[in-house]
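# Chains, contacts and geometry: an overview
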Amino acid sequence: MIEFSLNGENVQTDIDPNTPLLWAVRDSFGLTGSKFGCGAGLCGACTMHVDGLAQRTCILPLSAVAGKRVTTIEALGSADNLHPLQQAWIDYSVPQCGYCQSGQLMSAAALLEQNPEPSLAQIDQAMSGNICRCGTYPRIKQAIMAAALSYDATTKEGA
Amino acid sequence: MRIKNLSRRRFLKTTAVVGGGLVVGFSIFGLSEDPLPVVTESDGFVPNAFLQFTADNRIIFYCPRDEMGQGVMTGLATVIGEELDVSPHTMEIVHCEVHSDYANPAMGIQATGGSTSINAHYRPLRQVGADTRALILAAAATDLNAGINELKTEDAQVLYNGQAYPYGRFIETARNLDPVTDTPLRSQADFRYIGQMSRRTDALAKVTGQADYGLDAKVEGMQYAVLVRSPVFGAKLLSFDDSAVANKPGVSAVVSISNGVAVVADSYWHARQAATALRVEWEATEHSSLTSEQHRSELTSALDSDDETTAIDEGDIQLGFADARAQIDGSYWTPFLAHAPMEPMNALVRLGANDAEIWLGIQSAQAAQNLVSRVSGIPTENIVVHNLFLGGGFGRRGVATHVVEATEIAMAVGTPIKLMWSREDDIQSGFYRPASIARVRAAVDGNGVITAWDVKRAGGDITPGTVKNLLPAIFPSLPSGLANGVASTVGFLFSNLSPDSSSVEGLHENYKFANVQVKNSSIDHGVPVTFWRSVGHSNNAFVAESAMDELAIAANIDPVDLRLKNTVDNPRLNNVIRIAGERMREMKLPEGHHLGFASHGSFLTDVAQVAEVSIEDGIIRVHKVLCVLDCGLAVNPDIVRTQMEGGIIFGLTAALYGEVSLEAGRVKQSNFHDYQMLRMSEAPDIEVIIVDSKTDPTGVGEPSVPPIAPAVANAVFRATGQRLRDLPLRLKG
């Protein structure tokens, strides 16, 4: 039995502890916003936060998050209460097919948590693990810069 | 607004819906007699296949084309909303099911591709919008006891006498009126939405994790399947040993189907883990030892083969070389490429006794329906296709063999089956952009007029395989033998009579040459090939636009001037070349940066691009790209820009990294570590200039892909003196 916090709620599951967190969250807890893209930690579509840090969950065994705090796109913000990054993503018309964007947003949110005023080079660095096949990179970069300007420390996760 | 594919299915008789027992002709777009597969929570008023008005004032637009990122939901909602006078953001937009009214007017089947969606629906959907608005106005005039001329509309409301009434107020009366047809369309000067919109209607769902893709579909009692396919294309199964598989956690079945051996389990993870223990023997094929070197060598040899067909042969090539000021002769290589959409292929199939459902994101819901029917024997009218958002298409989701796989597994196992491909499956067992080689011999005279343009191309052809896969998908009862026979016939025609246009498109059409010939030798190495964003143009623009640059340099003519001189009969392309060329001359370059130019028209849209490149530590860095295009009237200028940006990055990935290679008949690459994608740090700044136009819109999903590889290659030549004639671009030494 593995226990952890999922989007602020204490949860437990008895599925195989080797199961990657991505599948546990999608199949056992029904949160399908995080996506499967490569199964090898190469594309970032599965990115969630574990104790506030961006993690590739397609290769992260469930056992590794025991007692930890997991946050998915579903808890980044909601339609009524968007995270500044989500609002910027809409304002800059970032998503095309949209499939990778949950992961992009989670990587960007982890970056702003650590560094609310990132330089372009720091954005490149933090986002280099997230692939977008539709080629939305220029707009992601613009949206992160815009969100950083409006970023309020009180929006911090868990605050 | 939340976009969601609703799951319930209701049939509504069009005739009953429009009322009065009126029989509505097929000739009216969106008003055929077939019962509509309208999916709704409350019927409301359904005046045609595309629109639904509910009593609680919702307006639902059934989008006939598939949203794969190109923005078609927003675009088509804008087109119909313009005449209906409803903002795209006021509507709910859903993917439609399968119905004859949803056929793509450009194709005759329900399919999305070829950058056709906006162009093909621009007038038909506006007409639907205008006729429906007229019907609502007529109903409002009756209900309000007013003259139609006293009524105005604004964003889903009828305005009268200082009051605003939602359209939904009039649907009971509208229901009993005869349908209106041939309503005059608005003039462009009166457009409120076309040319204005910026935000996408699907953005909110996609940034909150609420957009549903095939991967996210679930149904009661489903099991997960993974399929082990032959590593050599087309090899038949000899035997398999599942002794190490059956006892693995969660595994419920191991079954062989037409295309491999499926492992079925209670989760994807269990199925995937167990499948690694499966031992499978495959029959050898004639391509079992094929290597990329051998493949390329055979294509190169075919350049000298007389076993060829002619795309064009005009003027006198020999004469064209006679008075040349300069000549070139070079061969250009373009490799196989995988599409690698971020969402690997998947499909969820539920088969009942005489009904079925399938959930997936696909570029042809009709093909999915027909293939489920063909495999299961269930009649198409009893099969519901839940078409969800596509996690990327790029042509890959125009092929539906995974539907056949999922249906066969579901039949063998007896439960609903969710088949999921891995990324490795996607890279190694997929369909590919054909590889090709093309030799260009060309000459230019002292005035900068190209006097000879002689191209020979060799490589695989897309259409025969497409026909083989598509015929059963269009005609589900067509016997396999006949489909294969037609495919062979098509292949024979392309080998012997006339080239597959997908193979030679873009090799000469942009320019007017007095003496020109283009020939093709078809070579099939058993690698499945299909449409890849911009299709033949993706190979052939690299050929033609690299050759143009070489010709300009050989003749010491400015490359922009050379293109301008030889496109005087193609004014729209000529204009984007001129604008991009003027901007290019004004660009101020940092030390070590160099510019390359390319232009190409495809899918009725003309594009010119300038790439700013430097070489850093032996690596090609693309810093900026200027993209000038004429796509007619831009229905949503911001989405046009995103398509240009995305296409440039897609094409740049191919130019710098893209290569699927073969060893022992197998694809060598397997995942993103060796089939690399451009990352954010490598993405250039992109400036897009859309030429003002009042003509009907043309394609935007694909046309920005073709020019970028040659624009970069031409810049690399200026930076290094190296003429790179192979893709991907790799510096020597």
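Definitions and cut-offs
Residues numbered from 1 in each chain as written. Chains lettered and ligands numbered in written order. Predicted model: local features only at pLDDT ≥ 70, side-chain atom pairs only at ≥ 80, totals over all residues. Heavy atoms only, no water. Helix = DSSP H or I, 4+ residues; strand = E, 2+ residues; numbered from the N terminus. Rg over C-alpha atoms; globule rule 2.2 N^0.38 Å. Buried < 20%, exposed > 50% of the residue type's maximum accessible area, 1.4 Å probe, protein only. Contact = heavy atoms within 4.5 Å. Domains from an automatic or database assignment. Buried area = accessible area lost by both parts, 1.4 Å probe. Polar contact = N/O pair within 3.5 Å; in protein donor to acceptor, adjacent residues only side chain to side chain. Salt bridge = Lys/Arg side-chain N within 4 Å of Asp/Glu carboxyl O. Disulfide = S-S within 2.5 Å. Pairing = 2+ DSSP bridges. Axes fitted to C-alpha atoms, helices over the stretch in contact; angles between N-to-C directions.

When helices and strands are counted, chain A shows five helices and five strands. Going residue by residue from the N terminus, the α and β elements of chain A occur as β-β-α-β-β-β-α-α-α-α. What you see for chain A is a C-alpha radius of gyration of 15 Å, in line with the 15 Å of a compact globule of 159 residues. Expressed along its principal axes, the backbone C-alpha trace of chain A runs to roughly 45 × 35 × 25 Å. Burial analysis of chain A (159 residues in total) assigns 59% to the buried set. For chain A, the proportion of contacts with a sequence separation of at least 24, taken over those separated by at least 6, is 60%.

The next point concerns unusual backbone geometry. Residues and elements named next belong to chain B. For the bond from Leu727 to Pro728, the omega torsion is -5°, close enough to zero to count as cis. Structurally, Pro728 is set in the segment after α19 (708-720). The backbone of Ser115 shows a phi angle near 50°, a positive value even though the residue is not glycine. The topology assignment puts Ser115 in the loop between β3 (92-95) and α3 (117-144).

This part takes up the domain arrangement of chain B. Residue and element names in this part refer to chain B. Taken domain by domain, chain B holds domain 1 (14-207), domain 2 (216-284 + 345-420) and domain 3 (292-337 + 433-461 + 499-720). Each side of the interface is counted separately: domain 1 has 15 residues, and domain 2 has 15 residues. Roughly 1,200 Å² is buried in total at the junction of domain 1 and domain 2, and carbon and sulfur atoms are behind 57% of that figure. Ranking the residues of domain 1 by area buried against domain 2 places Asp66, Met68 and Val98 at the top, with a combined share of 43%. In this assembly, domain 1 and domain 2 are joined by six residue pairs in polar contact (both at pLDDT 80 or more).

Attention now goes to the pattern of salt bridges. Residues and elements named next belong to chain B. Enumeration over the complete set of coordinates arrives at 41 salt bridges over all chains. Between Asp202 and Arg200 there is a salt bridge, with the nearest N and O atoms lying 2.9 Å from each other. Neither Asp202 nor Arg200 differs from the other in exposure class; each is buried. With its nearest N and O atoms 2.7 Å apart, the salt bridge here joins Asp549 to Arg723. In this pair, Asp549 is assigned in helix α15 (residues 536-555) and Arg723 in the segment after α19, connecting sequence segments 174 residues apart. Asp549 gets classed as buried once you look at its relative accessible area, which sits at 1%.

A word on the state of the cysteines. Residue and element names in this part refer to chain A. In this structure the tally under the stated criterion is zero disulfides over all chains. Lacking any disulfide linkage, Cys132 is separated from the closest cysteine sulfur, that of Cys100, by 3.8 Å. Cys132 sits in the buried class, given a relative accessible area of 5%.

Quick look at the sheet that holds strand β16 (residues 383-387) of chain B now. Residue and element names in this part refer to chain B. Pairing is mixed in the open sheet, where seven strands are placed in the order β9-β10-β7-β17-β14-β15-β16. Because the sheet does not close on itself, it has two edges, and the strands there are β9 (251-257) and β16. Geometrically, the sheet is characterised by an average inter-axis angle of 20° between neighbouring strands, direction not taken into account. Sheet analysis places strand β7 (residues 223-228) next to strand β10 (residues 260-265), joined by five bridges and oriented antiparallel. By the bridge assignment for β10, Leu227 is matched with Ala262.

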